[in-house]
Amino acid sequence: MKIRIGSRESALAVIQSEMLMDSIRQVDDSIELELVTMKTKGDRILDRNLDKIGGKGLFIKELEIALAAEEVDLVVHCVKDMTMDESEEFPILTFSEREDPRDALILPEGVTELDLSKPIGCSSNRRIVQLKKLYPEATFEPMRGNVQTRLAKLDSGHFAATMLAVAGLKRAGLEHRISRIFEPDEMIPSAGQGVLAVQGRAGQDTSFLKGFDDRDARRSSLCERSFVRTLDGGCTSPIAAYAEIDGDMIKLTGMDLDENEEPFVMTIEDRAVTDEDCVRIGRELALKMKGRK
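Overview of the structure. Because the structure is predicted, anything quoted here is derived from the model rather than measured. (Residues numbered from 1 in each chain as written. Predicted model: local features only at pLDDT ≥ 70, side-chain atom pairs only at ≥ 80, totals over all residues. Heavy atoms only, no water.)

### Quick look at the pairing of strand β1 (residues 2-8)
Then, number 1: Taking burial as the measure, the 7 residues of β1 include 5 buried ones, the bulk of the element.
Then, number 2: Running through helix α1 (residues 11-27), the crossover from β1 to the neighbouring parallel element strand β2 (residues 32-38) is right-handed.
Then, number 3: The sheet contact formed by β1 and strand β3 (residues 74-78) spans 2 bridges and is parallel. Counted as the bridge partner of I5 is L74 from β3. (Buried < 20%, exposed > 50% of the residue type's maximum accessible area, 1.4 Å probe, protein only. Helix = DSSP H or I, 4+ residues; strand = E, 2+ residues; numbered from the N terminus. Right-handed = clockwise from strand over helix to strand, strands pointing away. Pairing = 2+ DSSP bridges.)

### Focus: the nonpolar core
Then, number 1: By size, the foremost hydrophobic cluster in this structure holds 27 residues, and its most contacted members are F95, C223, F227, V228, I250, L252 and I281.
Then, number 2: Within the residue set of this core, elements represented by two or more residues are β4 (92-95), α8 (215-230), β11 (240-246), β12 (249-257), β13 (263-271) and α9 (275-292).
Then, number 3: Apart from residues no more than four positions distant in its own chain, F95 is found in contact with V79, V195, L196, F212, D213, D214, A217, R218, S221 and L222. (Core = buried A, V, L, I, M, F, W, Y, C linked by side-chain atoms within 4.5 Å. Contact = heavy atoms within 4.5 Å.)

### A short note on unusual backbone geometry
Then, number 1: Of note in the backbone geometry, E70 takes a positive phi value of approximately 60° without being a glycine.
Then, number 2: Structurally, E70 is set in the loop between α4 (61-68) and β3.
Then, number 3: The phi dihedral of E261 falls on the positive side, at around 65°, and the residue is not glycine.
Then, number 4: Position of E261 relative to the elements: it lies in the loop between β12 and β13.
Then, number 5: Using a relative accessible area of 55% as the deciding quantity, one classes E261 as exposed.

Everything listed here is a matter of coordinates, which is why it stays silent on function.
Here is the structure:
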């Protein structure tokens, strides 16, 4: 049996795909694995914000085309980079264990103090609206690209800092670049941040993925994604969601903008045993927040 894993060609994407491959080998070492890398449109166009060139789907469209053409059998994504509407043809087959979901502030190499006379390089509206609360005097300029590209731009000297997900930095072995980690009550993460999703074709065998699947990560991701989907949050929306799991209980914290374009936060806590419960809780919090607007 041979399985081809499709991946973006960035160093971090390859590391994450190799995590899946290692897990499959532990379940069945007779399976032949091949990594197929490709550069997506979202990776190629870095001089414009995602909303100007088609949104988050640009990171997965070419990979889905490869799935449809049967050039690959599985693809690996960061859940936070996926669109909120799941494809029936190419469903999410499994969710990985959640790595650290928090956001980190990164300073230029060798710099120890944040210099707000320079802009913070950030293209995420979710991060910007929360950073403005923490650093009211800060200014912002767009910065896109993979982790290595952003660090190179940061170290060029133009930016005071940038923001990256702790999970990606840990997986890439770049924890030493972290200057400050923001707790979720300071900066609510993106839905699914820290979780990897394996996408494949509907109906295919998934028994070899059992070692990669994590129930709590699935529950939190379904809950958070349901919240964002109900609020019609796209790739440029400042909407944020973070679900904390404690046994059968889920505590979901969500952020949206109010009528004055200021962020407001609400929390809901409920029992969630099934996937449907997780989706319901996300939807209920979103509807409560819609009712406040």
